[in-house]
Amino acid sequence: MSRETPWYAGRFKSSHGAQQLLFGQMYEDAAIEQKAFENKGRVFCIASAGCTAIRLSGDHDVVACDINPVQLEYAERRVLGAGLVAGYVAGCAERAMAAARAFAPLVGWSTRKVRAFLALSDVTEQVEFWRSQLDTQRFRTSFEALLSRAILRLVYAPEFLAFLPPNFGEILRRRLESGFARHANATNPFARALLLGEPHDEPRPATCRVQFALGDAASYLECCPAGSFDAFSLSNILDGAQPSYRDRLSRAVRHAATKDAVVVLRSFAEPQPELITNHAQSDRALLWGVVDVRSAHLFE
Ligand SMILES: C[S@@+](CC[C@H](N)C(=O)[O-])C[C@H]1O[C@@H](n2cnc3c(N)ncnc32)[C@H](O)[C@@H]1O
């Protein structure tokens, strides 16, 4: 396992040392899953910070799996009712983003300006505001430097970077702009989380039916009886993983899938132009290159 995916370490940078809480909240818009899984029964999802499991548990029986015991325990606590505390920097991802946001005033992003942007709900006005007041030359230069290989290497192990395009900063800026051109800021909790670091708690269903499983997704699904799940939400667990793990995971998903099962898989990588099942632009988290929604039996 350790050679097949870097996520087993439960750390972004080094494979030595205790596992850490990497994500205090999720940056994945589970509205995609809610729509794709309509009329489906049992769901397998990656636990991460628990947001997707909580959101889906109102309509589905959910098994939430994670390779990182610290993350799984955190998700379990959240499902049991622990909320996100405003201003609380929970995981390594939030700490890295908070460090990046510390540069905001230096590029002219005052909190007042960012709040004014986030209060908008007309997407045409949002794009005008973004282009004229936020996406300035100073911001571009700093953002692209911050997301350059040299800086990312200080925070992430090489496996987490190998699949990213070399001009990732520029690409991510474009993803942000195209997201602002589609989704109203005022009702987008992910925009607030990214730009201000404000945690967003999921609307909770009255009862959360979630079972937790510690382990890697492929190993768990290989051991399930055939046809156990109607839907799979796999986060971006293949980002950084070896091709051999992709093969194992896709075989395991097809084995564990019912006939009409659906899979949602995200990636930070740039999509192949011919990927017609890509829903990245509908994801209000604004970050993803790929949000692939397809039949589980076509997952390879
Ligand atoms: C892939 S990361 C990405 C998080 C995501 N971008 C978000 O917004 O929350 C999500 C979770 O997947 C877990 N994970 C990674 N690879 C896994 C695997 N093969 N099986 C099970 N869990 C895995 C990590 O431990 C982490 O908690």
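Residues numbered from 1 in each chain as written. Predicted model: local features only at pLDDT ≥ 70, side-chain atom pairs only at ≥ 80, totals over all residues. Heavy atoms only, no water.

Colleague: Explain the pattern of salt bridges here, please?
Modeller: Opposite charge on two side chains makes pairing possible when the charged atoms of those side chains draw close. Inspection of the entire model under this criterion finds 18 salt bridges. For Arg248, the salt bridge identified is with Glu4, shortest N-O distance 2.8 Å. Taken together, the residues Arg248 in helix α12 (residues 243-256) and Glu4 in the segment before α1 (31-36) connect sequence positions 244 residues apart. For the pair Arg248 and Glu4, a shared accessibility class is recorded, and that class is buried. (Salt bridge = Lys/Arg side-chain N within 4 Å of Asp/Glu carboxyl O. Helix = DSSP H or I, 4+ residues; strand = E, 2+ residues; numbered from the N terminus. Buried < 20%, exposed > 50% of the residue type's maximum accessible area, 1.4 Å probe, protein only.)

Colleague: Hey, could you run me through the sheet that holds strand β5 (residues 257-267) in this one?
Modeller: Across a sheet, paired strands are connected by hydrogen bonds in the backbone, their directions being either parallel or antiparallel. Taken together, 6 strands build an open sheet; the order of strands is β3-β2-β1-β4-β5-β6 and the sheet is mixed. Sheet topology places β3 (210-214) and β6 (290-295) at the edges, where each strand pairs with a single neighbour. Ignoring strand direction, the axes of neighbouring strands in this sheet form an average angle of 15°. In this fold helix α3 (residues 69-79) packs onto β2 (62-66) and β3, with an angle of close to 170° to the strand it touches most, β3. Against the sheet, α12 engages β4 (229-233) and β5, with an angle of about 145° to β5. (Pairing = 2+ DSSP bridges. Axes fitted to C-alpha atoms, helices over the stretch in contact; angles between N-to-C directions. Contact = heavy atoms within 4.5 Å.)

Colleague: What exactly am I supposed to notice about the side chain of Asp29 here?
Modeller: The topology assignment puts Asp29 in the segment before α1. Among the residues examined, Asp29 registers a relative accessible area of 1% and is labelled buried. At 2.7 Å, the side chain of Asp29 forms a polar contact with the side chain of Arg284. Each residue touching Asp29, except ones within four places of it in the same chain, is listed here: Phe190, Arg266, Ser282, Asp283, Arg284 and Ala285. (Polar contact = N/O pair within 3.5 Å; in protein donor to acceptor, adjacent residues only side chain to side chain.)

Colleague: Help me out: how do you make sense of the packing of aromatic side chains in this one?
Modeller: Aromatic ring pairs: the centre-centre distance and the angle between the two ring planes describe each pair. In total, this model carries 21 aromatic pairs according to the counting rule given. Their ring planes at 80° and their centres at 6.0 Å tell us that Trp109 and Trp130 sit as a pair that is edge-to-face. On the criterion of sequence distance, the pair formed by Trp109 in the loop between α4 (92-101) and α5 (111-118) and Trp130 in helix α6 (residues 123-134) is long-range, its members being 21 residues apart. Both residues of the pair, Trp109 and Trp130, belong to the buried class. Plain terms: the ring middles of Trp130 and Phe139 are 5.7 Å apart, the flat faces sit at 80° to each other, and that makes the pair edge-to-face. Each of the two residues, Trp130 as well as Phe139, counts as buried. One aromatic cluster is present, formed by Trp109, Phe117, Phe129, Trp130, Phe139, Phe143 and Phe180 through successive ring pairs. (Phe/Tyr/Trp six-rings, centres within 6.5 Å; stacked < 30°, edge-to-face > 60°.)

Colleague: Quick question: what am I supposed to make of the domain arrangement of the protein chain here?
Modeller: If you check the domain split of the protein chain, you get domain 1 (19-84 + 201-298) and domain 2 (105-196). The distance between the C-alpha centroids of domain 1 and domain 2 comes to 25 Å. Counting residues at the interface gives 19 residues for domain 1 and 22 residues for domain 2. Buried area between domain 1 and domain 2, both sides added, is near 1,700 Å², and the carbon and sulfur share of it is 64%. Considering only the side of domain 1, the residues that lose the most area to domain 2 are Gln281, Arg284 and Leu286, jointly responsible for 40% of the buried surface there. If you look at where domain 1 meets domain 2, you find 1 salt bridge. Counting across the interface, domain 1 meets domain 2 through 7 residue pairs in polar contact (both at pLDDT 80 or more). (Domains from an automatic or database assignment. Buried area = accessible area lost by both parts, 1.4 Å probe.)

Colleague: What exactly am I supposed to notice about α5 here?
Modeller: Since the α-helix turns once every 3.6 residues, residues separated by three or four places project in the same direction. Among all positions in α5, only Val114, Phe117 and Leu118 are buried. The buried residues of α5 all sit within an arc of 95° when viewed along its axis, so they share a single face. Those residues of α5 that are buried lie in contact with α6, α9 (168-180) and α10 (189-196). (Arc of directions from axis to C-beta.)

Colleague: Before we go on, may I ask you to explain the state of the cysteines in this structure?
Modeller: Any covalent bond linking the sulfur atoms of two cysteines counts as a disulfide. Inspection of the entire model under this criterion finds 0 disulfides. Cysteine Cys92 shares no disulfide, and the gap to the nearest cysteine sulfur, in Cys51, comes to 16 Å. What makes Cys92 buried here is its relative accessible area of 13%. (Disulfide = S-S within 2.5 Å.)

Colleague: Mind showing me how you'd approach the nonpolar core here?
Modeller: Looking at soluble globular proteins, one finds that nonpolar side chains tend to be buried together. Formed by 28 residues in total, the largest nonpolar core has its most connected members in Trp109, Phe117, Trp130, Leu176, Phe180, Leu194 and Leu195. Sort the elements by how many residues they give to this core and α10 lands first, with 5 residues. Counting contributing residues, this core receives three or more from each of domain 1 (19-84 + 201-298) and domain 2 (105-196). With residues up to four places along the chain from it excluded, the contact list for Leu194 reads Tyr27, Met97, Arg101, Leu176, Ala285, Leu286 and Leu287. In this structure, Ile46, Val63, Ala256 and Ala296 belong to the second largest nonpolar core, which totals 26 residues. (Core = buried A, V, L, I, M, F, W, Y, C linked by side-chain atoms within 4.5 Å.)

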